[in-house]
Amino acid sequence: MKAAAEREREAVVTGSGVLLPWGVGPAALAATGAAGRISSFNPREYIHNAKALRAMHRGFQLTTAAAALALSAAGLGGDAEGLAAAGLDPERAGVVIAAADIQPVTPDLLAVLAAQEDSSEPAGWGEAALHGLHPFRRLHLLSNMAAAHVSILFNFQGPSLTLTSGAEAGAQALEEAAGLLAEGRADVVLCAASDCPEQTLTPGEGEAAVALVLEARGVAQRRGVRGAQDWRGGEPDASWAEGWPQCAALLAASRAAARVEAG
Amino acid sequence: MARRREVWISGVGVVSALGVGVAAHRAALAAGRGGINWIRHFPSSGFPVRIAGEAPAAGLPPGPGRLHYFAAVALAEALDQAALPRPEGGDDAARAVVWAVGKPALPVDAMAGWAATGKGWDWSELRRRYIRSLQEKQLTPADLLRRLARAGGAGGRRVACYTACASGNDALGMGKRMIERGEAEVVLAGGADSQVDPLSLLEFELLAALAHPAPGEDPATVCRPFDQRRSGFVVGEGAGALVLESEDHLRRRGGEPLARLAGYGSSLDAFGLTKCHPEGRGAAAAMRAALADAGATPTAVDYINAHGTGTVLNDRAEAAAIHRVFGAAAREVAISSTKAMTGHLIAAASAVEAVLSVLGLEDGFIPPSLNYRDPDPECDLNVVTGRGRRGPVRMVLSNGFGFGGQNACVVLARA
């Protein structure tokens with residue numbers, strides 16, 4: 001029998017947010033459709049800070065949008081005041097992200113290189129690149145920037161991890177998030193992932209983003225959350241989630257929490 | 001409540017601008033000899049960034065292969081020192097790998113070659129070739145994990161993390177927590193990175209983060225953490241590896257501990273993407289969390305291995321954070337930044353600094369902060385200079401703070 005204290009620290013899902021090519025929100029979890037781009041995605045609907053938006057790679061925009069949806073679903077608002085308004089301590093609010101490596105082959109770089117007579121040696125293109133590359137290029141490329149954006153927009157100041165393990169990263173992110181709660185290092189953890197291949201998509205490849213708000217059971221109860229759900233037992237459904245390596249495990253957890261059957 | 005399992009360090013390995021291996025690092029630290037120099041591994045004449053902390057890389061060109069090489073070399077040394085027996089009957093499920101893996105470098109010269117022989121500077125074509133080359137050469141983070149696991153007979157979880165310049169400490173922290181939770185007996189932990197390729201160097205230059213030598217100036221003197229004359233960091237490369245082991249496991253097999261990984265704490269600034277919180281809010285929270293995790297008070301700390309990049313704002317914020325956490329003791333506790341010698345290894349920085357901290361605990365030695373001459377009143381700290389300082393070192397706090405407001409700290413204690 002589990003000690004009461006241990007049960008208090010168990011992770012429960014208090015909100016989730018999903019963006020899939022055929023829809024947004026809980027209804028999309030129950031539906032199916034063709035993989036591809038989330039063509040209806042308008043980041044401005046979710047991210048109201050124009051400056052932040054400009055510094056965001058599309059994958060970060062998708063992750064952040066999923067986070068905004070999940071936080072709203074959890075009753076934690078969609079802005080920097082949400083945590084405090086719900087009585088949660090920002091310093092005990094963590095962020096765990098599963099991320100794929102981001103493509104450094106970007107149009108601004110290629111434009112610089114194509115304009116040079118000789119780009120085989122650094123001296124041939126270095127100076128031009130200083131003027132031609134996006135000054136925040138690096139911030140578009142670092143895997144941990146999804147966590148950074150979420151942290152800044154929603155005032156999460158607690159522990160943070162970004163996992164880049166490949167296909168295992170999503171499942172590991174959930175375990176780490178639950179671990180942070182169980183160990184008492186955080187009271188609430190936003191766990192999120194996105195898949196965002198940038199070029200012409202190969203068949204079966206597509207975009208997706210998903211976020212879960214995990215809270216320690218005791219914390220969720222004390223702030224009066226109803227309907228908090230267990231997230232375990234959601235086996236990634238291979239046929240349904242194929243083409244979304246980063247999101248598969250989190251989508252399965254969202255479905256388990258929402259008690260959705262695979263479509 | 002059951003006593004928490006203790007996490008020991010039974011082997012370390014390191015590669016950086018100071019050389020290959022622990023012995024080379026001990027010698028360089030004791031001599032106060034830095035490794036930052038003119039860039040040699042690509043033709044840097046006429047390139048906007050001329051200096052770096054290059055590590056010996058067996059002639060490998062700039063590109064994604066270097067960090068994989070450094071990781072393998074550092075882990076081999078750590079495994080050798082730990083003298084872990086080869087597991088019987090296949091890989092051991094109780095051994096895990098947790099590694100901080102740097103952003104793969106894009107070899108622009110190779111891409112120029114692809115453009116010349118393919119469809120020119122076509123985005124989707126070059127992107128496809130780049131991805132294919134990483135996959136064919138097995139240079140993704142998952143590939144690295146697989147190779148490191150094979151080297152150490154690890155059949156347990158394989159985790160890669162990236163939290164910018166805090167990555168190494170986060171890898172150590174995750175490994176520590178895995179052992180505490182009973183998910184692993186041994187964790188091969190560490191970090192590897194190589195951002196001394198031309199494109200990555202330019203990306204840092206675009207963020208105005210780098211220090212450059214004045215005409216006639218020795219590159220080794222350019223990185224000056226906490227000094228009033230500091231003007232930025234210098235990029236380094238390499239890897240640090242640590243074999244983490246549960247106390248029980250180490251005792252049962254009769255292994256020798258080098259040090260204890262006593263505490264870990266992580267936090268987010270929630271402030272800016274490149275600028276850290278000016279009063280070091282997140283940095284202070286991570287230090288406090290690491291100390292609390294170690295069950296230690298600030299007065300127990302003998303040495304702080306600073307994040308200390310040498311940028312104006314970072315060092316000031318770190319000093320402010322140390323004052324927040326240590327109070328009056330902030331002026332007493334010995335501090336140095338080994339980045340003045342190694343350069344800033346980005347994702348591998350705190351893994352290498354953890355190894356150097358272990359050496360300090362073993363040897364009773366606090367390494368010097370090179371190039372520190374003019375104290376900055378806004379960094380009112382007890383910076384160790386010259387040839388370092390000999391004396392008992394029982395506990396070290398090692399800081400790692402990164403872009404995006406990522407903060408992670410570890411506390412290491414004498415075995």
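Small disclaimer: the values here were computed from a predicted structure and weren't measured.

Draft legend 1. Geometry of the overall build of chain A. Helix and strand content of chain A: 13 helices and 6 strands. Relative to a compact globule of 263 residues, whose C-alpha radius of gyration would be 18 Å, chain A shows 19 Å and is just as compact. Across its three principal directions, the C-alpha atoms of chain A cover 70 × 40 × 30 Å. Look at the contacts in chain A between residues 6 or more apart in sequence, and 73% of them connect residues 24 or more apart. On chain A, roughly 10,100 Å² of surface is accessible, and the fraction owed to carbon and sulfur atoms is 51%.

Draft legend 2. How the structure looks around the overall build of chain B. When helices and strands are counted, chain B shows 12 helices and 16 strands. The globule rule puts the C-alpha radius of gyration for 415 residues at 22 Å, and the 20 Å found for chain B is close to it. Each of the three principal axes of chain B carries a C-alpha extent, and together these read 65 × 60 × 40 Å. Considering chain B as a whole, with its 415 residues, one finds that 65% of them fall into the buried category. Sequence separation of 24 or more characterises 79% of the internal contacts of chain B that already satisfy a separation of 6 or more. As presented, chain B carries roughly 13,400 Å² of accessible surface, and 51% of it is formed by carbon and sulfur atoms.

Draft legend 3. Local environment of the domain arrangement of chain A. Entries for chain A in the domain assignment read domain 1 (4–102 + 142–258) and domain 2 (105–138). A C-alpha centroid distance of 35 Å is found between domain 1 of chain A and domain 2 of chain A.

Draft legend 4. View of the interface of chain A and chain B. Facing 62 residues of chain A, the contacting portion of chain B comprises 67 residues. Both faces combined, the contact of chain A with chain B buries some 5,400 Å², and carbon together with sulfur accounts for 63% of it. Here chain A and chain B share 8 salt bridges between them. A salt bridge links Arg185(A) to Asp293(B); the nearest nitrogen and oxygen atoms lie 3.2 Å apart. Our count for the contact surface shared by chain A and chain B stands at 19 residue pairs in polar contact (both at pLDDT 80 or more). Residue classes in the side of chain A that touches chain B are distributed as 30 nonpolar, 21 polar and 11 charged.

Draft legend 5. Spatial organisation of the nonpolar core. The biggest cluster of nonpolar side chains holds 93 residues, and the ones touching the most others in it are Leu174(A), Leu251(A), Ile9(B), Val187(B), Leu242(B) and Leu244(B). The dominant element in this core, judged by the number of residues it contributes, is helix H12 (residues 349–363) of chain B, at 8 residues. The residues touching Val187(B), leaving out its near neighbours within four places in the chain, are Ala96(B), Val98(B), Gly175(B), Met178(B), Ile179(B), Leu242(B), Val243(B) and Leu244(B). If you look at the next biggest cluster of nonpolar residues, it comprises 87 residues, including Leu62(A), Ala74(A), Ala129(A) and Ala209(B).

Draft legend 6. Spotlight on the pattern of salt bridges. Considering all chains together, one arrives at 46 salt bridges over all chains under this definition. Ionic pairing is found between Glu10(A) and Arg7(A), a salt bridge with its closest N-O pair at 4.0 Å. When the shortest N-O distance is used, the salt bridge between Arg229(B) and Asp227(B) registers 2.9 Å. Within this structure, Glu176(A), Glu183(A), Arg185(A), Arg4(B), Arg157(B), Lys176(B), Arg177(B), Glu180(B), Arg181(B), Glu183(B) and Asp293(B) form a network of salt bridges that share partners.

Draft legend 7. Expanded view of a negative patch on the surface. A contiguous patch of negative charge on the surface is contributed by Glu117(A), Asp118(A), Glu121(A) and Asp109(B). Assignment of secondary structure puts Asp109(B) in helix H3 (residues 108–117).

Draft legend 8. The side chain of Asp302(B), seen in detail. Residues and elements named next belong to chain B. Here Asp302 shows up in the loop between helix H9 (281–294) and strand E10 (303–305). In this structure the side chain of Asp302 is engaged in a polar contact, spanning 2.6 Å, whose partner is the backbone nitrogen of Arg394. Excluding residues that lie within four positions of it along the chain, Asp302 makes contacts with Val333, Ala334, Ile366, Pro392, Val393, Arg394 and Met395.

Draft legend 9. Quick peek at helix H13 (residues 248–258) of chain A. Residue and element names in this part refer to chain A. Buried residues dominate H13, accounting for 10 of its 11 residues. Of the positions making up H13, those classed as buried are Ala248, Ala249, Leu250, Leu251, Ala252, Ala253, Ser254, Arg255, Ala256 and Ala257. Phi turns positive, to about 55°, at Arg259, one or two residues after H13.

Draft legend 10. Structural detail: the packing of helix H10 (residues 169–182) of chain A against H13(A). Residue and element names in this part refer to chain A. Direction vectors running N to C along H10 and H13 enclose 55°, while the axes themselves pass 6 Å from each other. If you check the angle between H10 and H13, you find them oblique. Contacts from Gly170, Ala171 and Leu174 of H10 reach H13 at Ala249, Leu250 and Ala253.

Draft legend 11. Region of interest: the packing of H10(A) against helix H6 (residues 167–180) of chain B. With their axes 12 Å apart at the nearest point, H10(A) and H6(B) run at an angle of 70° to one another. One way to sum up the angle between H10(A) and H6(B) is to call them roughly perpendicular. For the pair H10(A) and H6(B), contact is made by Glu176(A), Gly179(A) and Leu180(A) and by Met174(B), Arg177(B) and Met178(B), respectively. Taken together, the residues of the contact of H10(A) with H6(B) break down into 3 nonpolar, 1 polar and 2 charged.

Draft legend 12. View of the environment of Pro135(A). Along the chain, Pro135(A) falls in the loop between helix H7 (122–132) and helix H8 (137–141). Judged by relative accessible area, which is 44%, Pro135(A) ranks as partly exposed. Separated by 129 residues in the primary sequence, Pro135(A) and Glu6(A) have C-alpha atoms spaced 48 Å apart. Residues within four places of Pro135(A) in sequence aside, it is in contact with Leu206(B) and Leu207(B).

Draft legend 13. Representation of the packing of aromatic side chains. Here the structure, examined in full by the defined rule, presents 6 aromatic pairs over all chains. Judged by centre distance (5.8 Å) and plane angle (25°), the rings of Phe41(A) and Tyr46(A) are stacked. Among the residues examined, Phe41(A) registers a relative accessible area of 9% and is labelled buried. Geometrically, the ring pair formed by Phe204(B) and Phe233(B) is edge-to-face, given 5.4 Å between the ring centres and 80° between the ring planes. With Phe204(B) in helix H7 (residues 198–206) and Phe233(B) in the loop between H7 and strand E8 (237–246), this pair connects stretches of sequence that are 29 residues apart. The class of Phe233(B) is buried, set by a relative accessible area of 5%. A network of ring pairs unites the aromatic residues Trp125(A), Phe42(B) and Phe47(B) as a single cluster.

Definitions and cut-offs
- Residues numbered from 1 in each chain as written.
- Chains lettered and ligands numbered in written order.
- Predicted model: local features only at pLDDT ≥ 70, side-chain atom pairs only at ≥ 80, totals over all residues.
- Heavy atoms only, no water.
- Helix = DSSP H or I, 4+ residues; strand = E, 2+ residues; numbered from the N terminus.
- Rg over C-alpha atoms; globule rule 2.2 N^0.38 Å.
- Contact = heavy atoms within 4.5 Å.
- Areas by Shrake-Rupley, 256 points an atom, 1.4 Å probe, with all protein chains shown as cover.
- Buried < 20%, exposed > 50% of the residue type's maximum accessible area, 1.4 Å probe, protein only.
- Domains from an automatic or database assignment.
- Buried area = accessible area lost by both parts, 1.4 Å probe.
- Salt bridge = Lys/Arg side-chain N within 4 Å of Asp/Glu carboxyl O.
- Polar contact = N/O pair within 3.5 Å; in protein donor to acceptor, adjacent residues only side chain to side chain.
- Nonpolar A, V, L, I, M, F, W, Y, C, P; charged D, E, K, R; others polar.
- Core = buried A, V, L, I, M, F, W, Y, C linked by side-chain atoms within 4.5 Å.
- Patch = residues over 30% accessible without salt bridge, like charges linked within 9 Å, V, L, I, M, F, W, Y side chains within 5 Å.
- Lys, Arg positive; Asp, Glu negative; His and termini not counted.
- Charge placed at Lys NZ, Arg CZ, Asp CG, Glu CD.
- Axes fitted to C-alpha atoms, helices over the stretch in contact; angles between N-to-C directions.
- Parallel < 35°, antiparallel > 145°, perpendicular 65-115°, else oblique.
- Phe/Tyr/Trp six-rings, centres within 6.5 Å; stacked < 30°, edge-to-face > 60°.

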